[in-house]
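Commentary on secondary and tertiary structure
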There are 2 protein chains.
Amino acid sequence: MLDKELIVSAPGKVILHGEHAVVHGKLALAVALNMRTYLRVGLSADSRVSLNLPNINTFLSWDLSSLKTLMPAYATELQKVDKPDHGLIQQLREFMGVLEGSMENSTLATLAFLYLYVSIFAGSRDWIGITVTVWSELPTGAGLGSSAAYVVCLSAALLSACGVLSCPVNGCQISRWNREELEIINKWAFQGEKIIHGNPSGVDNAVGTWGGALRYLSGDITPLNSVPILRILLTNTQVPRSTKVLVAGVKDKILKFPAITIPVLDSINAISHECEKILGEMATGPTDKHYDVLEELFDINQHHLNVIGVGHPSLDKLCQITLAHGLHSKLTGAGGGGCGITLLRPGTDSITVDKVIKELEDCGYDCWETNIGAPGVQLHCTSSVKEEISEILWTPSSGNQQNL
Amino acid sequence: MLDKELIVSAPGKVILHGEHAVVHGKLALAVALNMRTYLRVGLSADSRVSLNLPNINTFLSWDLSSLKTLMPAYATELQKVDKPDHGLIQQLREFMGVLEGSMENSTLATLAFLYLYVSIFAGSRDWIGITVTVWSELPTGAGLGSSAAYVVCLSAALLSACGVLSCPVNGCQISRWNREELEIINKWAFQGEKIIHGNPSGVDNAVGTWGGALRYLSGDITPLNSVPILRILLTNTQVPRSTKVLVAGVKDKILKFPAITIPVLDSINAISHECEKILGEMATGPTDKHYDVLEELFDINQHHLNVIGVGHPSLDKLCQITLAHGLHSKLTGAGGGGCGITLLRPGTDSITVDKVIKELEDCGYDCWETNIGAPGVQLHCTSSVKEEISEILWTPSSGNQQNL
């Protein structure tokens, strides 16, 4: 049971290679992005359950007794959760007064929270009032797994708060759960993702949970044993795009020119395999040659992604600007705008990086220097959280709180 | 026998699709480029044989009697020529006082001329003094088949002058030889190409002879039945490159990343096949949709050529500049600099074309608005030759002539 405050965080994700090709049975590599979502949970003094999501200006609070009425008649076996209970979702929608089909971030985030809270606490003897505050470094809707990082944090925090998982904080270190516990976190996070996205692949929550890198092939998700942490620049072109439309466009291109397009998907598949091999080698001793290959794979895949029709002038510009400084980029995710990643070598100096960022920002892009291969969900002690994050997590929200 | 002046011309060539991939057994499409080489041959008044090549400042003249000493002991069967007589080449080198291995344009052009003159006239009863003047619109060494256009013109003119071929000039029209005659011209031109290049593919002389477009696959060269004439912009970036080094680079890439690179060659192969299909359809009725596909194939192949390592920043720039005006380009030939082609639609207005040319010339590139799918070797009457060409072909060269 929760006897003290918990702070957990989970990373975002980027697709390193294999976006779009994965839809056609090819290997994709997803990696944890060290832009994290942080969650603080503490006992509430007033037997209320509160949810604060300052990123999306959402501050809600419910009376514990009203939530109890939603408790499922059965006790969920927390280790064996499989698919969401649609009856409960329906009940929660009615409780929230929300129409089916509402796609608003705030609504979906609240629905996922309430679903996880009620389900996880259903088998608990003591319902407790808690206050949950979540803050993310990830932009939403950019294909960076922000919703997955959110539900991974929720799952880890709620499962810990109700005593299903250990709270392995030991002195003031960042700590992680064991493998079995991470599997339970991932299962519950996947439920949350299904509530938010309908039919997610499960890749985003797996990356958020396990961190590092994982391979995704024909629905099977396998974390890689060991991967290096790589410096990158993440750029959001802010050009809006529809993943659905882009996926359909690739399908159309395959139908229009099968003999031209299918080999390109095969080549992308081989790029993912080559990259997996190189990452494995780099984990034990990265060399300049490894970086040369990673850069070459970026360049080739970026050409391939253009060939299958998911490029965009904003991404071409990103590649041109970075290449002018000797840096190699590719789009990541759906393409057609959205985000790109630029590989930074260990020796890339900060003056170069700053210049590149300046030029990219002058194009109206958002830019973050961060890294990939980051750890998955983790538990923090208060002092291990960056100050700017602490400030947000500890800011009283009562002024904005909407009592329901 | 030559009883009047003859003027012949032959086109250059560009590779439309399949450059580099053809080295690895894939289909390539070569098309005749309507930048032509013109040759004028007339009887000389003084029993001398003269060769004027004003493009490369070469003006030579030999006494007929000295050339007669070079005549092979055997009479060549002109229809069945197969491979060059290396003894004769050696004799001609000695006659010219040229070391083996000399690669100078002027030397090689003279050697090819003397070889063809002596071989073709070997079986003739009457050796005649002639004056040959050749002028080309093609830049040399740019991969545009300028040497092939030269030897095709030489073969056609000399075979006609010695009476082996008809001289089908009929009133003042441009006329062509029949199929059997073109085959003989092509065979002799191939001999000339071998003298100049050592081990040529035979594609360039075939394009110069047959015109239109032809497929080249595993050493087999087949003219396409009917092809449209397409407007293009030909751009020479003037960036020098070594075809050998580029070909070796592609081979290295295949060895380094076989699973990534081989599918790209397969895709290029499919592009050539698709393009062949579209050209066949366009010959009977071109539509906007055909042009859409041609543009798309240009874009895809340009990406592929970059992937296999034969791109160049100068070519990227060419593609960017033309695309900014809605025009699609790809490199043609060896890449790594060299030439690119830009497809122009029938409706592309001259203001746009002029703007694009201006911008390309501002980059230091040479630019020609021309077309592809042009006729092969042809026979002109005097008045069917463009005035600027006539002026050059009829300019007396005696001031420069070097008597040997």
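Because the structure is a prediction, the values reported are computed rather than measured.

Residue and element names in this part refer to chain A. According to the domain assignment, chain A contains domain 1 (6-225 + 375-403) and domain 2 (230-372). Look at where the C-alpha atoms of domain 1 and domain 2 centre, and you get two points 28 Å apart. Taken together, the contact pairs 26 residues of domain 1 with 36 residues of domain 2. Buried surface at the junction of domain 1 and domain 2, both sides included, amounts to about 2,500 Å², of which 67% is carbon and sulfur. In this structure, Glu19 engages Lys330 in a salt bridge whose closest nitrogen and oxygen atoms are separated by 2.9 Å.

In the numbering used here, UniProt assigns the "domain: Galactokinase N-terminal" (unreviewed entry) feature to residues 5-40 of chain A. Structurally, residues 5-40 of chain A is divided into 0% helix and 69% strand, and its ends, taken at the C-alpha atoms, are 7 Å apart.

All names here are of chain A. For the structure shown, the criterion picks out 32 salt bridges over all chains. The residue Arg48 makes a salt bridge to Asp63 at a minimum N-O spacing of 3.7 Å. One end of the pair, Arg48, is in strand β3 (residues 48-53); the other, Asp63, is in strand β4 (residues 58-63), and 15 residues separate them in sequence. Using a relative accessible area of 14% as the deciding quantity, one classes Arg48 as buried. Residue Lys358 pairs with Asp362 through a salt bridge whose shortest N-O separation is 2.8 Å. In this pair, Lys358 and Asp362 are both assigned in helix α11 (residues 350-362), four residues apart and thus about one turn of the helix distant. The exposure class of Lys358 is partly exposed, given its relative accessible area of 48%. By sharing partners, the salt bridges in this structure join Asp288, Asp292, Glu295 and Arg345 into a single network.

It is worth spelling out the interface of chain B and chain A at this point. In this assembly, 21 residues from chain B lie in contact with 21 residues from chain A. For the pair chain B and chain A, the two sides together bury roughly 1,800 Å², of which 72% comes from carbon and sulfur. When the shortest N-O distance is used, the salt bridge between B:Glu296 and A:Lys253 registers 2.9 Å. Taken together, the links from chain B to chain A amount to seven residue pairs in polar contact (both at pLDDT 80 or more). At the level of elements, α7 (243-256), α8 (258-284) and α9 (288-307) of chain B are the ones that each hand at least two residues to the side of chain B that touches chain A.

With that settled, consider the environment of B:Ser166. Residue and element names in this part refer to chain B. Inspection of the secondary structure puts Ser166 in the loop between α4 (146-161) and α5 (179-197). A relative accessible area of 33% places Ser166 in the partly exposed class. Along the sequence, Ser166 and Trp368 sit 202 residues apart, while their C-alpha atoms lie 34 Å from each other. What Ser166 contacts, discounting residues up to four positions off in sequence, is Ser160, Trp177 and Glu181. Polar contacts involving the side chain of Ser166 include one to the side chain of Glu181, which spans 2.9 Å.

Here we take up the nonpolar core. Ranked by size, the top nonpolar core spans 127 residues in total, and within it B:Phe113, B:Tyr117 and B:Tyr150 carry the most contacts. The element best represented in this core is helix α3 (residues 105-121) of chain B, accounting for 12 residues. Residues in contact with B:Tyr150, not counting those within four places in the same chain, are B:Thr37, B:Leu51, B:Leu53, B:Ala109, B:Thr110, B:Phe113, B:Val134 and B:Ile196. Judged by nonpolar contacts, the second largest core, of 117 residues, contains A:Ala213, A:Leu230, A:Ala270 and A:Cys275.

This paragraph deals with α4(B). Residues and elements named next belong to chain B. Taking 1.5 Å of rise per residue, the 16 residues of α4 would be expected to cover 22 Å, and the 22 Å separating its terminal C-alpha atoms lies within 8% of that figure. Burial analysis of α4 places 16 of its 16 residues in the buried class, the great majority of the element. Gly163 lies just past α4 and shows a positive phi near 90 degrees.

This paragraph deals with the pairing of strand β4 (residues 58-63) of chain B. Residue and element names in this part refer to chain B. A large share of β4 lies buried, amounting to five of its six residues. Relative to β4, strand β3 (residues 48-53) runs antiparallel, the two being bridged by six bridges. Bridged to Val49 within β4 is Trp62. Counted along the chain from β3 to the antiparallel partner β4, the turn is four residues long, and its residue Asn57 has a positive phi close to 55 degrees.

All names here are of chain A. Locating Gly376 in the fold gives a position in the loop between β11 (366-372) and β12 (378-380). Using a relative accessible area of 0% as the deciding quantity, one classes Gly376 as buried. The spatial distance from the C-alpha of Gly376 to the C-alpha of Asn205 is 9.7 Å, given a sequence separation of 171 residues. Those residues in contact with Gly376 that sit more than four places away from it in its chain are Ser9, Pro11, Arg36, Arg176, Val207, Gly208, Thr209, Trp210 and Gly211.

For chain A, per-residue confidence averages 92 on the pLDDT scale, and 97% of positions sit at 70 or higher. Interface confidence for the predicted complex, given as ipTM, is 0.92, next to a pTM of 0.93.

With that out of the way, let us pick up the packing of α5(B) against helix α6 (residues 203-210) of chain B. Residues and elements named next belong to chain B. Two elements in contact, α5 and α6, have axes whose closest approach is 9 Å; the angle formed by their N-to-C orientations is 145 degrees. Crossing of α5 against α6: the hand is right-handed. Across the interface between the two elements, Arg179, Leu182, Glu183, Ile185, Asn186, Ala189, Phe190 and Glu193 from α5 touch Asp204, Asn205, Ala206, Thr209 and Trp210 from α6. Considering only residue class, the contact of α5 with α6 consists of six nonpolar, three polar and four charged.

With that settled, consider the environment of B:Gly326. Residues and elements named next belong to chain B. Structurally, the position occupied by Gly326 is in the loop between α10 (313-323) and β9 (329-332). Residue classification places Gly326 among the partly exposed residues on the basis of a relative accessible area of 40%. Residues Gly326 and Leu344, 18 residues apart in the sequence, show an inter-C-alpha distance of 9.7 Å.

With that settled, the discussion passes to the packing of aromatic side chains. Tallied over the full model, the rule gives 10 aromatic pairs over all chains. With a centroid separation of 6.0 Å and an interplanar angle of 25 degrees, the aromatic rings of B:Trp62 and B:Phe113 are classed as stacked. With B:Trp62 in strand β4 and B:Phe113 in helix α3, the pair connects residues that are 51 residues apart, well separated along the chain. Seen from their ring centres, B:Phe121 and B:Trp127 are 6.4 Å apart, and the 55 degrees between their planes marks the pair as tilted. Judged by its relative accessible area of 0%, B:Phe121 falls in the buried class. Connected via pairs of aromatic rings, a cluster forms that spans A:Trp62, A:Phe113, A:Tyr117, A:Phe121 and A:Trp127.

Glancing now at the relation of the copies chain B and chain A. Each copy of the sequence occupies a distinct position, and chain B is placed on chain A by a rotation of 180 degrees and an axial shift of 0.0 Å, giving an RMSD of 0.0 Å. In short, the pair behaves as if placed about a two-fold rotation axis. Interface overlap between copies: 100% of the residues of chain B at the interface are likewise at the interface in chain A, consistent with a symmetric, same-surface contact.

Residue and element names in this part refer to chain B. Relative to each other, α3 and α5 sit at 145 degrees, their axes nearing to 9 Å. By crossing handedness, the relation of α3 to α5 is classed as right-handed. Facing α3, whose interface residues are Leu108, Leu111, Ala112, Tyr115, Leu116, Ser119 and Ile120, α5 presents Trp188, Gln191, Gly192, Ile195 and Ile196.

Basis of the calculations
Residues numbered from 1 in each chain as written. Chains lettered and ligands numbered in written order. Predicted model: local features only at pLDDT ≥ 70, side-chain atom pairs only at ≥ 80, totals over all residues. Heavy atoms only, no water. Domains from an automatic or database assignment. Contact = heavy atoms within 4.5 Å. Buried area = accessible area lost by both parts, 1.4 Å probe. Salt bridge = Lys/Arg side-chain N within 4 Å of Asp/Glu carboxyl O. UniProt positions renumbered as here; feature names shortened; annotations may be inferred. Helix = DSSP H or I, 4+ residues; strand = E, 2+ residues; numbered from the N terminus. Buried < 20%, exposed > 50% of the residue type's maximum accessible area, 1.4 Å probe, protein only. Polar contact = N/O pair within 3.5 Å; in protein donor to acceptor, adjacent residues only side chain to side chain. Core = buried A, V, L, I, M, F, W, Y, C linked by side-chain atoms within 4.5 Å. Expected span 1.5 Å × (residues − 1). Pairing = 2+ DSSP bridges. pLDDT = per-residue confidence, 0-100. Axes fitted to C-alpha atoms, helices over the stretch in contact; angles between N-to-C directions. Left-handed = near helix turned anticlockwise from the far one by under 90°. Nonpolar A, V, L, I, M, F, W, Y, C, P; charged D, E, K, R; others polar. Phe/Tyr/Trp six-rings, centres within 6.5 Å; stacked < 30°, edge-to-face > 60°. Least-squares fit on C-alpha atoms with pLDDT ≥ 70 in both.

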